[in-house]
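# Chain and residue survey
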Amino acid sequence: KQEVTQIPAALSVPEGENLVLNCSFTDSAIYNLQWFRQDPGKGLTSLLLIQSSQREQTSGRLNASLDKSSGRSTLYIAASQPGDSATYLCAVRRVDSNYQLIWGAGTKLIIKP
Amino acid sequence: DVKVTQSSRYLVKRTGEKVFLECVQDMDHENMFWYRQDPGLGLRLIYFSYDVKMKEKGDIPEGYSVSREKKERFSLILESASTNQTSMYLCASSFGGGEPYEQYFGPGTRLTVT
């Protein structure tokens, strides 16, 4: 059974630092992996989607990597800003499902001014 | 831009009431989803619909039902609300085929059952 884990559950860093959020999954048979952002009390916004054949994706100050063999993905945030404060979730799509995502519980990120 | 809207941001209902949560998307997406989100548990899929009048159970369908009479609208029904259904409910939609596969989310409904 696929399980997705995000550690740490919460992270607080000073503004301007580069940081890495981690996502691990137990079954390497995935179709893709997606990173989302959730602001307090709100829905989710998709940040980056990495297909299983890809190693990384970049969008602005965000870079997501995928290592299927080790069951890991990282989300790198460069030059963090207070506006980056949110909960970040990762989710994997199983190869045997055309729709189902398996979700991590998220990392709550606080960027201190 | 894809827009997914949910009928209420906050709801307070009493135990035993029948509760309707509605979700509307404006991008002609085939797939629609209902999730619940609880602290420390992440998102859990309640039901999924891949076409009008078609539905599949997710991981936690007990105590819930759904209705999809029109392509753009997907309703979640709590037949008899209980306190353990207090949660954040998130609706999402996506295209039915092609890549990249991506789900678009509504703002969520925070339901409190007293």
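See the structure printed just above.
One structure accompanies this document, and this report is about it. (Residues numbered from 1 in each chain as written. Chains lettered and ligands numbered in written order. Predicted model: local features only at pLDDT ≥ 70, side-chain atom pairs only at ≥ 80, totals over all residues. Heavy atoms only, no water.)

### Quick notes on unusual backbone geometry
- Looking along the chain, the bond that leaves Ile7 of chain A and enters Pro8 of chain A is cis, with omega of 5°.
- You will see that Asp28 of chain B, though not glycine, has its phi angle at about 60°, which is positive.
- Along the polypeptide, Asp28 of chain B turns up in the loop between β3 (19–25) and β4 (31–38).
- The phi angle at Lys53 of chain B is positive, at roughly 65°, despite the residue not being glycine. (Helix = DSSP H or I, 4+ residues; strand = E, 2+ residues; numbered from the N terminus.)

### Quick notes on the interface of chain B and chain A
- With 23 residues of chain B in contact, the opposing surface of chain A contributes 21 residues.
- A combined buried area of about 1,700 Å² lies between chain B and chain A, and 53% of that area is made up of carbon and sulfur atoms.
- Secondary structure elements with two or more residues in the side of chain B that touches chain A: β4, β5 (42–51), β6 (54–57) and β9 (87–94) of chain B.
- With 4 residues, β5 of chain B is the single largest residue contributor to the side of chain B that touches chain A. (Contact = heavy atoms within 4.5 Å. Buried area = accessible area lost by both parts, 1.4 Å probe.)

### Details of the side chain of Gln38 of chain A
- Structurally, Gln38 of chain A is set in strand β4 (residues 30–38).
- Relative accessible area serves as the criterion here: at 9%, Gln38 of chain A is assigned to the buried category.
- Not counting residues within four places of it along the chain, the set of residues in contact with Gln38 of chain A comprises Gly43, Leu44, Ala86, Thr87 and Leu89 of chain A together with Gln37 and Leu90 of chain B. (Buried < 20%, exposed > 50% of the residue type's maximum accessible area, 1.4 Å probe, protein only.)

### So, the nonpolar core
- Membership of the largest hydrophobic core comes to 23 residues, with the highest contact counts inside it found for Leu33, Trp35, Leu75, Ile77 and Tyr88 of chain A.
- Listed by contribution, the elements that provide at least two residues to this core are β3 (19–25), β4, β5 (44–51), β7 (62–67), β8 (72–77), β9 (86–94) and β11 (107–112) of chain A.
- Sequence-distant contacts of Leu33 of chain A, that is, excluding residues within four places in its chain, are made with Cys23, Phe25, Leu48, Leu49, Ile50, Leu66, Ser73, Cys90, Ala91 and Val92 of chain A.
- Grouped together as the second largest cluster of nonpolar side chains are 20 residues, Val4, Leu21, Val66 and Tyr89 of chain B included. (Core = buried A, V, L, I, M, F, W, Y, C linked by side-chain atoms within 4.5 Å.)

### Here's the deal with the sheet that holds β7 of chain A
Residue and element names in this part refer to chain A.
- The sheet built from 5 strands is open, its strands ordered β1-β3-β8-β7-β6 with antiparallel pairing. Because the sheet does not close on itself, it has two edges, and the strands there are β1 (4–5) and β6 (56–59).
- In terms of strand pairing, β7 meets β8 through 6 bridges, oriented antiparallel. In the sheet register, Ser65 faces β8, and the bridge partner there is Thr74. (Pairing = 2+ DSSP bridges.)

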